[in-house]
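A structural walkthrough
The primary structure of each chain is shown beneath.
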Amino acid sequence: MPIELIRNYYRTTSNTSYVNMTMALHCAPFLKGIKDSTLLVLKPEDAKLMGMTLYRMNAKCKTMYRSGDKMILLIYRERGLKKLLSEKRAKKFLLEYGYQGLDAIQDTLVLNQILDFLKVRFESAYGTRKEFPHEIGVFLGYPIEDVVGFIENHGQNFLLTGYWKVYSDKERAQKMFQSYDEARESAIYEILEGKKFYEIAV
């Protein structure tokens, strides 16, 4: 990865270009269609720039938390997120954390209500220092076994760590991490060539 080129890019470019590179660095698997959702932390003014162009990617954005100059955003493709949350194991797991309406997840209104509930849990965790909503891993497409393993082991005793902590299928995770790395490298070079983040999305 061209670290020095990335540093120079950040030093010399506008807010719009900053958003392009930040998306490439942190959301490449999403941009390249490997993932259907991703989390991103941005300043409000940068989030506004990003949000104005998400429609070009057929993507949506939900603010999970905002405080001062920081916003935590869930960026997602609706069809893919609905598919993730409609899986039997995901529904059973999320029900334990108080999520309702998962049997009707194909309804966009229901999906929005579920995301509102996730947002409440996010805001509670950040505002009152309560336990972080680790079920977010399901929304991000992490293997359910790894989400459960993380919670049960309090983030310890993992087999492998990378884009998330792995507790089940190490070989599968390694392949996924490699595909994420390749997507990231490809996205960075495309941004350095002058493309916008929505132009490199598949």
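Higher on the page you've got the structure.
None of the values given here were measured: they were computed from a predicted structure.

All right, on to the overall build of the protein then. Broken down by element type, the protein carries nine helices and five strands. Its C-alpha atoms put the protein at 50 × 35 × 30 Å along the principal axes. Within the span of the protein, comprising 202 residues, buried residues form 44% of the whole. A separation threshold of at least 6 residues defines the contact pool for the protein, and within that pool the share at least 24 residues apart is 55%. On the protein, roughly 11000 Å² of surface is accessible, and the fraction owed to carbon and sulfur atoms is 49%. Across the protein, the centroid of the 30 positively charged side chains sits 3 Å from that of the 25 negatively charged ones.

Of note, Ser179 is situated in helix α9 (residues 170–192). As for Ser179 and Tyr167, which are separated by 12 residues in sequence, their C-alpha atoms are 19 Å apart.

Okay, the packing of helix α2 (residues 15–31) against helix α3 (residues 44–51) next. Their axes nearest at 9 Å, the elements α2 and α3 cross at an angle of 75 degrees. Judged by the angle between their axes, α2 and α3 are roughly perpendicular. Here α2 contributes Asn15, Thr16, Tyr18, Val19 and Met23 to the contact with α3, which in turn contributes Glu45, Asp46, Leu49 and Met50. In the contact of α2 with α3, the residues fall into five nonpolar, two polar and two charged.

For the rest of this paragraph, the subject is the packing of α2 against α9. Angle between the axes and distance between the axes: these two values describe a pair of packed helices. Look at α2 against α9: their axes get within 7 Å of each other, and the N-to-C directions meet at 160 degrees. In terms of orientation, α2 lies roughly antiparallel with respect to α9. The interaxial crossing formed by α2 with α9 has right-handed handedness. The residues of α9 that touch α2, namely those facing Asn20, Met21, Ala24, Leu25, Ala28 and Pro29, are Tyr180, Ala183, Arg184, Ala187, Ile188, Ile191 and Leu192. Tallied by class, the residues present in the contact of α2 with α9 amount to 11 nonpolar, one polar and one charged.

If you trace the backbone, Tyr76 turns up in strand β3 (residues 70–76). Residues Tyr76 and Lys60, spaced 16 residues apart in sequence, show a C-alpha to C-alpha distance of 5.4 Å. Those residues in contact with Tyr76 that sit more than four places away from it in its chain are Phe30, Asp36, Ser37, Ala59, Lys60, Cys61, Lys62, Leu81, Leu111, Asn112 and Leu115.

Taken in spatial order, the three strands of this open sheet run β1-β3-β2, and their pairing is antiparallel. Unpaired on one side and paired on the other, β1 (37–42) and β2 (60–67) mark the two borders of the sheet. Across the sheet, the mean angle from the axis of one strand to that of its neighbour is 20 degrees, orientation sign disregarded. Each of β1 and β3 is contacted by α2, which is oriented at about 150 degrees to β1, the strand it contacts most. On top of the sheet, α3 reaches β1, β2 and β3; it is set at about 20 degrees to β3, its chief contact.

Definitions and cut-offs
- Residues numbered from 1 in each chain as written.
- Predicted model: local features only at pLDDT ≥ 70, side-chain atom pairs only at ≥ 80, totals over all residues.
- Heavy atoms only, no water.
- Helix = DSSP H or I, 4+ residues; strand = E, 2+ residues; numbered from the N terminus.
- Buried < 20%, exposed > 50% of the residue type's maximum accessible area, 1.4 Å probe, protein only.
- Contact = heavy atoms within 4.5 Å.
- Areas by Shrake-Rupley, 256 points an atom, 1.4 Å probe, with all protein chains shown as cover.
- Lys, Arg positive; Asp, Glu negative; His and termini not counted.
- Charge placed at Lys NZ, Arg CZ, Asp CG, Glu CD.
- Axes fitted to C-alpha atoms, helices over the stretch in contact; angles between N-to-C directions.
- Parallel < 35°, antiparallel > 145°, perpendicular 65-115°, else oblique.
- Nonpolar A, V, L, I, M, F, W, Y, C, P; charged D, E, K, R; others polar.
- Left-handed = near helix turned anticlockwise from the far one by under 90°.
- Pairing = 2+ DSSP bridges.

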